[in-house]
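# A closer look at the structure
What follows is each chain in one-letter form.
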Amino acid sequence: MIKCYLCGTEITEENKTVEHIVLNSIGGRLKSSKLICKNCNSKFGNTFDACLSKQLEFFANFLDIKRENGDVQDIEMTRASTGEKYKVTSKGVPIPSKPIIQEKNSGATTELHIQARNITELRTILKGFKKKYPDLDIEKTLKDATTVHEHIPEPLQIQLSFGGKESMPAILKMAINYYLEKTNDTESVKNAINDLKQNSTNRVEPIIFNQSLFNLSEDEVTHCIFINGSKKEKKLYAIIELYSSIQFIIKLSDNYNGTDLQDVYIFDVIKRKEIHKELTYIPTYDYIFNFDFPSSEKNYSLFKQRIDHVMKIGVKRQKDNLISEAIEKTMNATFKKLPKGHLITEEDTNQFVDELMKNITPLFIR
């Protein structure tokens, strides 16, 4: 009989659920159906997991991380000089968060200036004005509308924050989930489970390690869970590293009586597969259990280096995606319109090149 380790309910076919040990929203593939029941999964999914997911959605968007369920979410960014909000897609395309509508009255005439995000939205706006201005010709206005590609001459900004009592329980749950999936040993982490039930964050600390747990290649961004337990030291801890940069330690037990254990899970979020690495650094038990984030010296320059590594990969992925889309768009507008059996001429090739330059040039200007 398998029981939910949070509420003790027997897990049956009726209340069975798939628990993502690493969140689906950040591209996690590691999962289990023998840890928690559907009710507890839903409770955490709508609270702490959702908060952690929100904190990390910039990275999921910027790296275009594929999920098993649901699409990559757009993120809201701000133009500093104007305060204007944009929704930025996972392809790096900024779209105004709302349409811009200006209504200017000058004597007997009224001018409407509307900047909509798509033709459907423009039609809806015009239908609203039709009630106020019955003579408005919606179809003619739609036909006369022009598509505008705006160049934003400055970087868009976003404020990021990680951790806090709103999301730390999700980190603790991730560590407990992984340990139980590997060992099925609830006794050794029963106090950690009780803390999780009470939404306590005392066992979780954000950290910036001065050494890397393992060596990364230039094109790798990873999620990592490392479990380390010693019967002699009577200690059990976990390290969770997300997007190769955001690190947490989890003090699972300071009275550990289980077997000696070292286990690491590393997932390449770009290639979307588990990879194997030799650990180059394993923190001591004393260091982990004596560590306290508020009183520690934070090496923010090292954190910035790790973030820069992720950002460079994200920029390259966005540009590669946009170039691929531009090439596909050009193919559809040129070669794919040619009749079957048509021999491609020099004129066809020149048209393709001209169209391709028209589609690609704005990407590099942006």
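Placed above this text is the structure.
Residues numbered from 1 in each chain as written. Predicted model: local features only at pLDDT ≥ 70, side-chain atom pairs only at ≥ 80, totals over all residues. Heavy atoms only, no water.

## Thoughts on unusual backbone geometry
The condition that has to hold: The helix and strand labels rest on DSSP assignments: H or I over at least four residues marks a helix, E over at least two residues marks a strand, and numbering proceeds from the N terminus.
Here the phi dihedral of Y243 falls at roughly 50°; this positive angle occurs in a residue that is not glycine. Position of Y243 among the secondary structure elements: in the loop between strand 11 (235-242) and strand 12 (246-253).

## Section: the sheet that holds strand 10 (residues 222-230)
Where we set the bar: We call two strands paired when DSSP finds no fewer than two bridges between them. Interaxial angles span 0 to 180 degrees and are taken between N-to-C directions of axes, which are lines fitted to C-alpha atoms, for helices over the stretch in contact. Here a residue-residue contact requires only that any non-hydrogen atoms of the pair lie within 4.5 Å.
One open sheet accounts for 6 strands, arranged 9-12-11-10-13-14; its pairing is antiparallel. Unpaired on one side and paired on the other, strand 9 (204-207) and strand 14 (273-275) mark the two borders of the sheet. The sheet shows a mean angle of 20° between the axes of neighbouring strands, taken without regard to direction. Two strands pair when backbone bridges link them, and strand 11 and strand 12 are joined in this way by 7 bridges, in the antiparallel orientation. Its bridge partner being in strand 12, L236 is matched across the sheet by S253. Set on the sheet, helix 5 (residues 168-183) makes contact with strand 9, strand 10, strand 11, strand 12 and strand 13 (261-268); between it and strand 12 the angle comes to about 60°.

## Overview of the packing of aromatic side chains
Our working definition: Between 30 and 60 degrees the pair is tilted, below 30 it is stacked and above 60 it is edge-to-face, where a pair is any two Phe, Tyr or Trp rings, Trp via its six-membered ring, whose centres lie within 6.5 Å. For every residue, the accessible area obtained with a 1.4 Å probe (protein chains only) is divided by the maximum for its type, and the residue is called buried under 20%, exposed over 50%, and partly exposed between those limits. Note on criteria: charge over ring means Lys NZ or Arg CZ within 6 Å of the ring centre, with the direction from the centre no more than 35 degrees off the ring normal.
Under the criterion given, the structure shown has 12 aromatic pairs. The interplanar angle of 75° and the centroid separation of 5.5 Å between the aromatic rings of F58 and F59 together place this pair among those described as edge-to-face. Residue class for F58 comes out buried when judged on its relative accessible area of 7%. Look at Y178 and Y265: their rings are 6.2 Å apart centre to centre, the planes differ by 45°, and that puts the pair in the tilted class. Pair noted here: Y178 is in helix 5 and Y265 is in strand 13, with a separation of 87 residues, a long-range link. Classification of Y178 as buried rests on a relative accessible area of 2%. By relative accessible area, Y265 is classed as buried at 6%. Over the aromatic face of F289 sits the side chain of K235, whose NZ or CZ is 5.6 Å from the ring centroid. Taking the ring centre of F293 as reference, the NZ or CZ of K298 above it sits at 4.6 Å.

Nothing here speaks to function; it is geometry throughout.
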